[in-house]
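Report on the structure
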Amino acid sequence: MKNELQVLYETLLDRKEHAEVGSYTAYLYEKGLEKILKKVGEEATEVIIAAMKNDNKEELVNEISDLIYHLFVLMAEKNITLEDVNHELEKRSHKKGNLKAERKPVDKY
Ligand SMILES: N=c1c2ncn([C@@H]3O[C@H](COP(=O)(O)OP(=O)(O)OP(=O)(O)O)[C@@H](O)[C@H]3O)c2ncn1[C@@H]1O[C@H](COP(=O)(O)O)[C@@H](O)[C@H]1O
């Protein structure tokens, strides 16, 4: 079963091919890369502000979701797939040996 992140990414890719009326995503693609980057920057700042406020988990989850949405729009715009990111994370994980049993003392930061 697909998780919500996969469904969202596929929806955003679909919006690239079929620009629906009233779609905020289609509006971002139409505005172009500079607008998308501006939104990623704004949303990242909002995550930082929400995280510094400490105890409002709901607000922080909200802001993180906004940031993920805008990052995914950027990925779709740049033809970067979830598989690309997954593959990169997998490579890092194998290199580092995330399981405690595999980890050597030198692997520590
Ligand atoms: N997950 C999201 C999502 N998160 C945030 N946003 C939009 O991002 C915008 C960010 O809000 P801001 O106040 O920062 O920006 P704004 O003032 O509305 O817009 P700007 O003038 O700054 O561009 C809001 O309009 C939100 O609706 C999203 N818009 C769409 N989605 C999902 O994307 C998919 C496709 O949606 P549409 O493209 O709208 O069909 C659907 O699954 C939606 O649920």
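Structure shown above.
Parameters and conventions
- Position labels on residues start from 1 in each chain and follow its written sequence.
- Where totals are concerned, whole chains, interfaces and linings use all residues; where local detail is concerned, this predicted model gives features only for residues with pLDDT of at least 70, and gives and counts side-chain atom pairs only at 80 or more.
- Excluded from the side-chain calculations are hydrogens and water; all other atoms, namely the structure's heavy atoms, are used.
- Among buried residues, those of type Ala, Val, Leu, Ile, Met, Phe, Trp, Tyr and Cys that are joined through side-chain atoms within 4.5 Å constitute a nonpolar core.
- Throughout, exposure labels follow a simple rule: accessible area from a 1.4 Å probe, protein chains only, divided by the maximum for the residue type, with under 20% read as buried, over 50% as exposed, and the rest as partly exposed.
- The numbering of helices and of strands both runs from the N terminus, where a helix is a DSSP run of H or I of at least 4 residues and a strand a run of E of at least 2.
- By definition in these notes, contact holds between two residues if any of their heavy atoms fall within 4.5 Å.
- Note on terminology: near, applied to a residue and a molecule or strand, indicates that one of the residue's heavy atoms is within 4 Å of it.
- Think of a polar contact as two N or O atoms within 3.5 Å of one another; within protein, one of them needs to be a possible hydrogen donor and the other a possible acceptor, and neighboring residues in sequence only count if both atoms come from side chains.
- To be clear on the numbers: accessible area is Shrake-Rupley with a 1.4 Å probe, and residue cover counts the displayed protein chains and nothing else.

Some remarks on the nonpolar core
Counting 14 residues, the largest nonpolar core has Leu12, Tyr29, Ile36 and Val73 as its most contacted members. The set of elements that each furnish at least two residues to this core consists of α1 (4–17), α2 (24–31), α3 (33–52) and α4 (57–77). Of the residues forming this core, the biggest block, seven residues, is contributed by α4. Residue contacts for leucine 12: discarding those within four places in its chain leaves Thr25, Tyr29, Tyr69, Phe72 and Val73.

Comments concerning the site of the ligand
As a matter of local geometry, the ligand sits amid 14 residues, with Ser23, Tyr24, Thr25, Lys35 and Lys39 nearest to it. With respect to the ligand, the side chain of threonine 25 contributes an N or O atom lying 2.5 Å from an oxygen atom. At a separation of 3.0 Å, an oxygen atom of the ligand approaches a polar side-chain atom of lysine 35. The fraction of the free accessible surface of the ligand (830 Å²) that becomes covered by protein chains is 55%.

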